[in-house]
Amino acid sequence: MKPADLETSRECNIRIRRQLEQLSEKTFQQFTAKLLPGTEHILGVRLPVLRKMAKELAKGDWRTYLSNASDSSYEEIMLQGMTLGYAKGELQEKKEYLERFIPKIDNWSVCDSVCSTIKTAQSQPEEMWEFLEPYLNSSEEFQIRFALVQLLDYYVNETYLARVLEAAQQVKQEYYYVEMAQAWLISICYREFPKETLPVLESNALNDFTHKKAIQKITESLKVPKAEKERARRLRR
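Residues numbered from 1 in each chain as written. Predicted model: local features only at pLDDT ≥ 70, side-chain atom pairs only at ≥ 80, totals over all residues. Heavy atoms only, no water.

Draft legend 1. Examining unusual backbone geometry more closely. Residue H41 is not a glycine yet carries a positive backbone phi of 60 degrees. Along the chain, the position of H41 falls in the loop between α2 (26-35) and α3 (47-59). (Helix = DSSP H or I, 4+ residues; strand = E, 2+ residues; numbered from the N terminus.)

Written as structure tokens, this is what we have:
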């Protein structure tokens, strides 16, 4: 990068940081910190505000921005993922930026909010599945969760259901946020395809915690019929 470009990137980061600080709310910062124990450098900017900023960044030179963006706060990392989601371009164009971004995820909020923004799987499902596979086999908690949440957001359909259920059962890393994502994924599969998903709950393929949470999410869902909830309850361990 040329010195002039580096200076421009620094100025961009300073401008974004100042804007975030101006938009921050102390009470919301305290609220967010309680939801994300262990996450540091939370400024307290609401998600709709971050989405608005990300959409503007995505309209400009998002590649240069993402190549040099600051990681100094929770919001700045969130902003990168959202910008990547809103930017126009296929997976081939975004892949290197995704590979740089995903290891920065260190909490469920960034993971899940960014997953709902990165919708590449809607237009390139097979290419995105191939991209996600190494993360399903990762040893890193939030890299695995990113892949699982992508599956529950975009792949619970007739075409991919069997592969999704297999992937959900194959993940064996016993991290809390991985197990919660597995349970969430199984519950969504059961909601949409109870007959096909029931054998997963019957097979003892999930550990006790994930099994328990999956059934809890199923029975608490407003979208699961009463009869299907009762069927799931009978499988409690």
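After that view, the rundown keeps rolling.
Draft legend 2. Spatial organisation of the pattern of salt bridges. Taken as a whole, this structure holds 13 salt bridges when the rule is applied. Salt-bridge contacts for D208 lead to R237; the nearest nitrogen and oxygen are separated by 2.7 Å. With D208 in helix α14 (residues 208-220) and R237 in the segment after α15 (226-233), this pair connects stretches of sequence that are 29 residues apart. Owing to a relative accessible area of 54%, D208 belongs among the exposed residues under this scheme. (Salt bridge = Lys/Arg side-chain N within 4 Å of Asp/Glu carboxyl O. Buried < 20%, exposed > 50% of the residue type's maximum accessible area, 1.4 Å probe, protein only.)

Draft legend 3. Representation of empty space enclosed by the protein in the model. Applying the stated criterion to the full structure yields one cavity of 30 Å³ or more. In this structure, the largest cavity encloses a volume near 40 Å³. If you list the elements that add at least two residues to the lining of the largest cavity, you get α1 (3-23) and α5 (74-86). In terms of residue class, the lining of the largest cavity is made up of four nonpolar, two polar and one charged. (1 Å grid on protein atoms, 1.4 Å probe; cavity = no way out; pocket = protein on both sides within 12 Å on 5 of 7 lines; lining within 4 Å. Points joined across faces, edges and corners; volume = space filled by probe spheres on them. Nonpolar A, V, L, I, M, F, W, Y, C, P; charged D, E, K, R; others polar.)

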